[in-house]
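Reading the structure
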Amino acid sequence: KRKNQFCICNNWRRCIESRACVRGVLMRYDKAEFKAAYGTFGQLPESNLPEIAFAGRSNVGKSSLLNRLFGRKNLARVSSVPGKTITINFYQVDEYNFVDLPGYGYAKVAKTEKDRWAEMMEGYFNSDRNIKLVVQLVDMRHPPTKDDIMMMEFLQATGYEFIVVMTKSDKLKKKKDYNERIEKSKQEMSFVPSERLIPFSSETGAGLEIVKKHIEE
């Protein structure tokens, strides 16, 4: 029986036909489905599938990145009001769950909502879930915030594998400004390997294939 050296689901023919196996075989992002949104940690389902988690401050572009990945315009809802909705949203892509974590760092959110956010995030990361990769988003136009650095340091200290997607790269119109932010980002996030700092634009799709490559490794 022919074997696929990249197969992790023990069904070579299924891998070839459905492209569901992520090691070396492309995922079918266009088949993504919204599963559910959860408002408290206690509501979260069991972690019965590997998870790719997306984290970042409010309005950094998580939903826009997910929609680009999925090749859909509005599967992941883009809010015009930062911090308006604090939920953990699950999407299924083949045999993986993509988990959109609630955004942090919006000052106008009530303390009760901030406390609920903290409880959900702590519960999510401290409950032995099958998290394969965390995609941390920062706004490329600006230095990472204190909350961004704290989040990345937490991921590093706890041993989670993560990449940093630097969103809104298309807003840096001048090549000089773009290159300058690239170099400064390497200094500001010197504890992150440079190959894991990925400039990205939801408008042009720049950087999308690199993000997919890390997800599929």
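A brief structural summary.

Parameters and conventions
Position numbers for residues count from 1 along each chain, tracking the sequence in the order it is written. Note on the predicted model: pLDDT of at least 70 is required for a residue's local features to be given, and 80 or more for side-chain atom pairs to be given and counted; whole-chain, interface and lining totals, by contrast, use all residues. No hydrogens and no water enter the side-chain calculation; it runs on all heavy atoms of the structure. Numbering goes from the N terminus for both helices and strands, where a helix is a DSSP run of H or I of at least four residues and a strand is a run of E of at least two. Relative accessibility thresholds used throughout: buried, under 20% of the residue-type maximum; exposed, over 50%; partly exposed, between the two (1.4 Å probe, protein chains only). A contact between two residues is defined here by any heavy atoms of the two lying within 4.5 Å. Strands pair, by our definition, only if DSSP identifies at least two bridges between them. A fitted line through C-alpha atoms represents every axis, and for helices the fit uses only the stretch in contact; the resulting angles, taken between N-to-C directions, go from 0 to 180 degrees. The sign given to each residue is positive for Lys and Arg and negative for Asp and Glu; His and the chain ends receive no count. The salt bridge criterion pairs a side-chain nitrogen of Lys or Arg with a carboxyl oxygen of Asp or Glu, the two atoms within 4 Å. Any pair of N or O atoms that falls within 3.5 Å is considered a polar contact. Within protein, one atom must be able to donate a hydrogen and the other to accept it, and sequence-neighbouring residues count only if both atoms are side-chain atoms. For a helix, the expected span equals 1.5 Å multiplied by the residue count minus one. Read the arc as the range of directions from the helix axis to the C-beta atoms.

**Examining the overall build of the protein**
If you tally the helices and strands in the protein, you get six helices and seven strands. Counting from the amino terminus, helix and strand elements in the protein follow one another as α-β-β-α-β-β-α-β-α-β-α-β-α. In the protein, which comprises 217 residues, the proportion classed as buried is 47%. Partitioning the intrachain contacts of the protein with sequence separation of at least 6 by distance along the chain shows that 70% fall at a separation of at least 24.

**Quick word on the sheet that holds strand E7 (residues 197-199)**
Spatial ordering of the open sheet is given by E1-E3-E4-E2-E5-E6-E7, a layout of seven strands whose pairing is mixed. Only two strands of the sheet have a single neighbouring strand rather than two, namely strand E1 (33-38) and E7. Each strand axis lies, on average, 25° off the axis of its neighbour in the sheet, ignoring direction. Of the pairings in the sheet, the one linking strand E2 (residues 51-56) to strand E4 (residues 96-100) comprises four bridges and is parallel in character. Counterpart to Glu 51 in the pairing with E4 is Asn 97. Packed onto the sheet, helix H4 (residues 146-157) meets E2, strand E5 (131-139) and strand E6 (162-167) and runs at close to 160° relative to E5. Contacting E6 and E7, helix H5 (residues 175-188) crosses the sheet at an angle of about 160° to E7.

**What to know about unusual backbone geometry**
With a phi angle near 55°, Asp 94 is a residue other than glycine that sits in the positive phi range. Positionally, Asp 94 belongs in the loop between strand E3 (88-93) and E4. Its identity as a non-glycine residue notwithstanding, Asp 128 has a phi of 60°, on the positive side. As for its position among the elements, Asp 128 is in the loop between helix H3 (111-125) and E5. A residue is classified by how much of its surface remains accessible, and Asp 128, at 75% relative accessible area, is exposed.

**Examining the side chain of Asp 94**
Despite its burial, Asp 94 remains without a salt bridge, the nearest opposite charge being carried by Arg 28 at 5.3 Å. In this structure the side chain of Asp 94 is engaged in a polar contact, spanning 2.8 Å, whose partner is the backbone nitrogen of Arg 28.

**Thoughts on the environment of Tyr 91**
Its location among the elements puts Tyr 91 in strand E3. Judged by relative accessible area, Tyr 91 falls into the buried class, the value being 2%. In this structure Tyr 91 touches Glu 33, Phe 34, Lys 35, Leu 66, Phe 70, Leu 75, Ala 76, Arg 77, Tyr 96, Asn 97, Phe 98 and Asp 100, once residues within four positions along its chain are discounted.

**So, helix H6 (residues 208-216)**
Residues spaced three or four apart along an α-helix point in a common direction, a consequence of the helix completing one turn every 3.6 residues. Among all positions of H6, only Leu 208, Val 211, Lys 212, His 214, Ile 215 and Glu 216 are buried. Against E2, helix H2 (62-70), E4, E5, E6 and E7 lie the buried residues of H6.

**Digging into the pattern of salt bridges**
Where charged atoms from two side chains of opposite charge come close, those side chains can pair. Tallied over the full model, the rule gives 12 salt bridges. Here Glu 180 ties to Lys 184 by a salt bridge, and the two come within 3.7 Å at their closest N and O atoms. Here Glu 180 pairs with Lys 184, and both are found in helix H5, just four residues apart, close to one helical turn. What makes Glu 180 partly exposed here is its relative accessible area of 35%. Relative accessible area serves as the criterion here: at 37%, Lys 184 is assigned to the partly exposed category. Salt bridges linked by common partners bring Arg 57, Asp 139 and Arg 141 together as one network.

**Description of H5**
An ideal rise of 1.5 Å per residue puts 20 Å on 14 residues; H5 measures up with 20 Å between its terminal C-alpha atoms. Listing the buried residues of H5 in full gives Arg 181, Ile 182 and Ser 185. Down the axis, H5 shows its buried residues gathered within 105° of arc, on one side only. Exposed residues pointing more than 90 degrees away from the buried face of H5 are listed as Lys 176 and Gln 187. On its buried face, H5 sits against E6 and E7.

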